[in-house]
Amino acid sequence: MKVKLLHKVKRHIADNELFDKQSKLLVTVSGGVDSVVMLNVLSELGFNLSIAHCNFKLRGVESDKDENFVRNLAMHMNLPIYVQEFDTEIYARNHKIGIQEAARNLRYAWFFELIDENGLDFINVAHNANDNTETVLFNLSRGAGLEGMRGIVAKNNRVVRPLLSCSREEIMIYADNHGLTFRNDSSNDSVKYSRNRIRHHVIPEMEKINPSLHTTILRNCGVAQKLTNFVEQCMKHEIEKLIVKQTPGCILTIDIGTLMHMENNTLVLYYILREFNYTYSDCQDVISCLKGEPGKIFEADGYKLLKDREYLFLKQLGNEVTIQEYHFTLDNYPDDWPAELKLELIETNNPLDILTPELSVAYVDADRISGSFILRKWQKGDRFKP
């Protein structure tokens, strides 16, 4: 098993072009068995290594013991080490997110700072085949489709995972054969986390059906990744037809007419909006309202999508235009004019021919007004009778 895992990791690195012998690698070491084995294997294979350890201050004395363990490991292997302590609970509370998400955000932000500041090339993370299985099952349980089936990727820009093809059983056997010591994180045994419930209850039952579960899912993930890449290439061509010139104050402006006549328009819209926290169900709601009155707003976490007459405008919540006043004339208004508003000058000899009873439209006799206008928010004392 000693030779098998070394060769397996070496082949995985080569097949996925993770890095080469000239690369300077930052190895993230928590002190657990996965990261300790990753460090040992990469050292055995002769790569240029540095160690990074995060102390999230979540388990009191145990967190400090993990830090001391990793410091001693780095000293024993004569490797440079970087250690950072985080007030994870405070960060999570301030950002209104869970502890696990907070820890992830903090560590990756710091990892990227480290490699930039120290001329390193890649961040090595110790995810293995079991982690990938847990991720796929977790994604599917939350309603993810093809994207969820992709699982964990071996290489994502400068983040690489050299142990992804190895099972946890192989890793444990390697550690035992090499006499490696490591730290046990008691939180991995707690079933209050969804992933741990999948690990301890769901996967053992599935392995009774398929003993090669992790290998099967890893292989299927490879297929799903290729399918996703193909679909995204096709979608890119379709999306280019929809996105119009940038509108001030908006992230995206989408042409409604083109979208309505597009085959699979819900799927195309989802591929545009998914990175802005919109679900496929949200996009179904948007498509069903395209023929309706303008002014409809669809909100996702941190974003809002406004349906106008001809366009969908995507904006970031809390990042709306803060200018209080717009000065303009009938034939000239500012570049940063709010996307929701339109000004149109209509010439007619019979106003009754053009008037429509729409609540979102106001008609004003242009011959009776002159000079410039000021558009501003309502102020106390304002009265308006249409």
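Refer to the preceding data block for the structure.
Residues numbered from 1 in each chain as written. Predicted model: local features only at pLDDT ≥ 70, side-chain atom pairs only at ≥ 80, totals over all residues. Heavy atoms only, no water.

### Some points on the overall build of the chain
Step number 1: Helices and strands together make up the secondary structure of the chain, namely 13 helices and twelve strands.
Step number 2: Burial status across the chain gives 37% buried among its 386 residues.
Step number 3: Long-range pairs, those at least 24 residues apart, make up 65% of the contacts in the chain with a sequence separation of at least 6.
Step number 4: As displayed, the chain has an accessible area near 23,300 Å², and 49% of this comes from carbon and sulfur atoms. (Helix = DSSP H or I, 4+ residues; strand = E, 2+ residues; numbered from the N terminus. Buried < 20%, exposed > 50% of the residue type's maximum accessible area, 1.4 Å probe, protein only. Contact = heavy atoms within 4.5 Å. Areas by Shrake-Rupley, 256 points an atom, 1.4 Å probe, with all protein chains shown as cover.)

### What to know about the nonpolar core
Step number 1: In terms of nonpolar packing, the biggest core is built from 37 residues, with Phe19, Val37 and Leu42 touching the most fellow members.
Step number 2: Among the elements that take part in this core, helix α2 (residues 33-44) stands out by supplying seven residues, more than any other.
Step number 3: When neighbours within four sequence positions are excluded, Leu42 is seen to be in contact with Ile13, Phe19, Leu25, Val27, Phe47, Leu49, Asn124 and Pro162.
Step number 4: Residues Leu252, Phe298, Leu305 and Leu312 belong to the second largest nonpolar core, which totals 26 residues. (Core = buried A, V, L, I, M, F, W, Y, C linked by side-chain atoms within 4.5 Å.)

### Examining the packing of helix α6 (residues 129-141) against helix α9 (residues 194-209)
Step number 1: Two elements in contact, α6 and α9, have axes whose closest approach is 10 Å; the angle formed by their N-to-C orientations is 100°. In terms of orientation, α6 lies roughly perpendicular with respect to α9. Taken together, the residues of α9 that come into contact with α6 (itself represented by Asp131, Thr133, Glu134, Thr135, Leu137 and Phe138) are Ser194, Arg195, Ile198, Arg199, Val202, Ile203 and Met206.
Step number 2: Within the contact of α6 with α9, the residues separate by chemical class into six nonpolar, three polar and four charged. (Axes fitted to C-alpha atoms, helices over the stretch in contact; angles between N-to-C directions. Parallel < 35°, antiparallel > 145°, perpendicular 65-115°, else oblique. Nonpolar A, V, L, I, M, F, W, Y, C, P; charged D, E, K, R; others polar.)

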